[in-house]
Amino acid sequence: MGVNLNGVLLAIDAGNSKTDVAVLAPDGTVLGAARGGGFQPPVVGVETAVDILAEIVGRAWAEAGGTGPSPAFAHVAACLANADLPVEETALQAELLRRGWSRSVRVHNDTFAILRAGLDEPRGVAVVCGAGINCVGMTPDGRTARFPAIGKISGDWGGGSGMAEEALWFAARAEDGRGEPSELARALPAHFGLETMYALIEALHLGLVPFERRHELTPVLFRVSADGDPVALSLVHRLAEEVVALSAVALGRLGLLEEEAPVMLGGSVLAARHPQLEERIRELLAERAPKAVIGFVTAPPVLGAGLLALDEVAAGPEAAARLREHYGA
């Protein structure tokens, strides 16, 4: 027996590595949920990426008690990785509309899900630092602030992958004498059971250490920094500067610099609460945006996608509270 379709909402948080989908009643009750793999349209194409997404949506709908094809939802809030530019959002929105899930579809970059998950109202700024780094801001009247966030060509620096690359660069130069001595030259290869940076460089170049394992070096960098290594500490402080630069610019664009406003920090690197990083962020933010209030987002981003869906249908605070309770936030 199927569920009542009146006002049923679809919330999607599709990241590079995993996708979470939730089917919601308009009162904030989670009727069904499902998880699948990452969402990577640049790799597989928009249509194929949405095909993969459709399978996850189908499982969430089945768990909600639905039968047959996914229904026409009252609204779809899709927070998607790789929706970095308006032209990408438009293409993804068109493909979602083509699937017939709803005539009301909003595509957001997935960073907006983290921002909304951390806020009681859609007002503030979020900086997310996981594999990469990104920043978005929003206000209740619908204004947003964002950056392209597609790498060095758009002025980005930071994220776990970027910091691992920087750590390797400084460690290589520390070992061969081109750069300042650093404990990184010993700690990075030791993480992989190797004795020298030369051995690690060779292993990375020949694929003996897979490319995707480079991200494991970011925690090593933070550990070496905490032990007092000046080179490692300089990289941690540089990340703090990037976080604060993004936050201050986004707050300024939204006209929030002169009033108390939240700056939410999320993603694996920032959520780890490394003391040296957090202290430096607080110091610099106090200088550039003294009224900003720092918070940390640990709730699952699909919560934010669900709250955006509830915002769209003006569901009210009780529905939002019910959804937060479901996710333990």
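Thresholds applied
Residues numbered from 1 in each chain as written. Predicted model: local features only at pLDDT ≥ 70, side-chain atom pairs only at ≥ 80, totals over all residues. Heavy atoms only, no water. Helix = DSSP H or I, 4+ residues; strand = E, 2+ residues; numbered from the N terminus. Buried < 20%, exposed > 50% of the residue type's maximum accessible area, 1.4 Å probe, protein only. Pairing = 2+ DSSP bridges. Axes fitted to C-alpha atoms, helices over the stretch in contact; angles between N-to-C directions. Contact = heavy atoms within 4.5 Å. Phe/Tyr/Trp six-rings, centres within 6.5 Å; stacked < 30°, edge-to-face > 60°. Lys NZ or Arg CZ within 6 Å of the ring centre and 35° of its normal. Parallel < 35°, antiparallel > 145°, perpendicular 65-115°, else oblique. Left-handed = near helix turned anticlockwise from the far one by under 90°. Nonpolar A, V, L, I, M, F, W, Y, C, P; charged D, E, K, R; others polar. Arc of directions from axis to C-beta.

J.: Quick one: what's the story with unusual backbone geometry, residue by residue and with numbers?
T.: One non-glycine residue, N82, lies in the positive phi region at around 70 degrees. Among the structural elements, N82 can be located in the loop between β4 (75-80) and α3 (86-98). The phi dihedral of R273 is positive, around 55 degrees, even though this residue is not glycine. By relative accessible area, R273 is classed as partly exposed at 39%.

J.: Go over the sheet that holds strand β1 (residues 9-14) with me, naming the residues and quoting the values.
T.: Strands in a sheet are paired, the pairing made by backbone hydrogen bonds, and the direction either parallel or antiparallel. In space, the 5 strands of this open sheet follow the order β3-β2-β1-β4-β5, with mixed pairing throughout. The sheet terminates laterally at β3 (30-37) and β5 (105-109), the two strands that pair on one side only. Here the average twist between neighbouring strands, direction ignored, is 10 degrees. Two elements, β1 and strand β2 (residues 18-24), share 6 bridges in a ladder whose sense is antiparallel. Along β2, the bridge assignment pairs A11 with A22. Contacting β4 and β5, α3 crosses the sheet at an angle of about 145 degrees to β5.

J.: Go over the packing of aromatic side chains with me, naming the residues and quoting the values.
T.: All chains considered together, the criterion is met by 2 aromatic pairs. Relative to F73, the ring of W61 lies with its centre 6.2 Å away and its plane at 80 degrees, an arrangement referred to as edge-to-face. You can see W61 sitting in helix α2 (residues 46-63) and its partner F73 sitting in the loop between α2 and β4, a full 12 residues away along the chain. For W61, a relative accessible area of 4% gives the class buried. With centroids separated by 4.9 Å and ring planes inclined at 80 degrees, the aromatic side chains of W169 and F170 adopt a geometry described as edge-to-face. Judged by relative accessible area, F170 falls into the partly exposed class, the value being 27%. The ring of F147 is capped by R253, whose NZ or CZ atom sits 4.6 Å from the centre of that ring. Seen from the ring of F296, R273 lies directly overhead, with NZ or CZ sitting 3.8 Å from the centre.

J.: Lay out the packing of helix α9 (residues 230-253) against helix α11 (residues 275-288) in plain terms, naming residues and giving numbers.
T.: Axis separation between α9 and α11 bottoms out at 9 Å; the angle between their running directions is 40 degrees. On the basis of their axis angle, the class for α9 and α11 is oblique. For the pair α9 and α11, the crossing hand works out as right-handed. Between α9 and α11, the contacting residues are L233, V236, H237, L239, A240, E241, V243, V244, A245, S247, A248 and V249 on the first element and Q276, L277, R280, I281, L284, L285 and R288 on the second. Its residues assigned to classes, the contact of α9 with α11 shows 13 nonpolar, 3 polar and 3 charged.

J.: Tell me what's going on with the pairing of β3, and back it up with residues and numbers.
T.: One ladder, built from 7 bridges, connects β2 with β3; its direction is antiparallel. Residue pairing in the sheet places T19 in a bridge with G36 of β3.

J.: Could you give me a rundown of the sheet that holds strand β10 (residues 292-296), with the residues and numbers involved?
T.: Within the open sheet, the 5 strands sit side by side as β8-β7-β6-β9-β10. Their pairing is mixed. At either end of the open sheet lies a strand with only one pairing partner, and these are β8 (144-146) and β10. Taken pair by pair, the neighbouring strands of this sheet meet at an average axis angle of 20 degrees, ignoring direction. Relative to strand β7 (residues 133-138), strand β6 (residues 124-129) is paired through 6 bridges, and the arrangement is antiparallel. Bridge pairing links V125 to G137 in β7.

J.: I'd like a description of the packing of helix α12 (residues 301-312) against helix α13 (residues 317-326), backed by residues and values.
T.: Contact geometry for α12 and α13: axes closest at 10 Å, N-to-C directions at 165 degrees. Between α12 and α13, the angle is such that the two are roughly antiparallel. Where α12 crosses over α13, the handedness of that crossing is right-handed. Between α12 and α13, the residues in contact are L303, G306, L307 and L310 and A319, A320, L323 and R324, respectively. Considering only residue class, the contact of α12 with α13 consists of 6 nonpolar, 1 polar and 1 charged.

J.: Lay out helix α7 (residues 197-205) with the relevant residues and their values.
T.: Those residues of α7 that fall on the buried side of the exposure criterion are M197, L200, A203 and L204. Along the long axis of α7, the arc covered by the buried residues comes to 120 degrees, so they all point the same way. Residues of α7 that are exposed and angled more than 90 degrees away from the buried face: Y198 and H205. Those residues of α7 hidden inside the fold are in contact with α5 (159-176) and α6 (184-191). Once α7 ends, the next one or two residues include G207, with phi positive near 80 degrees.

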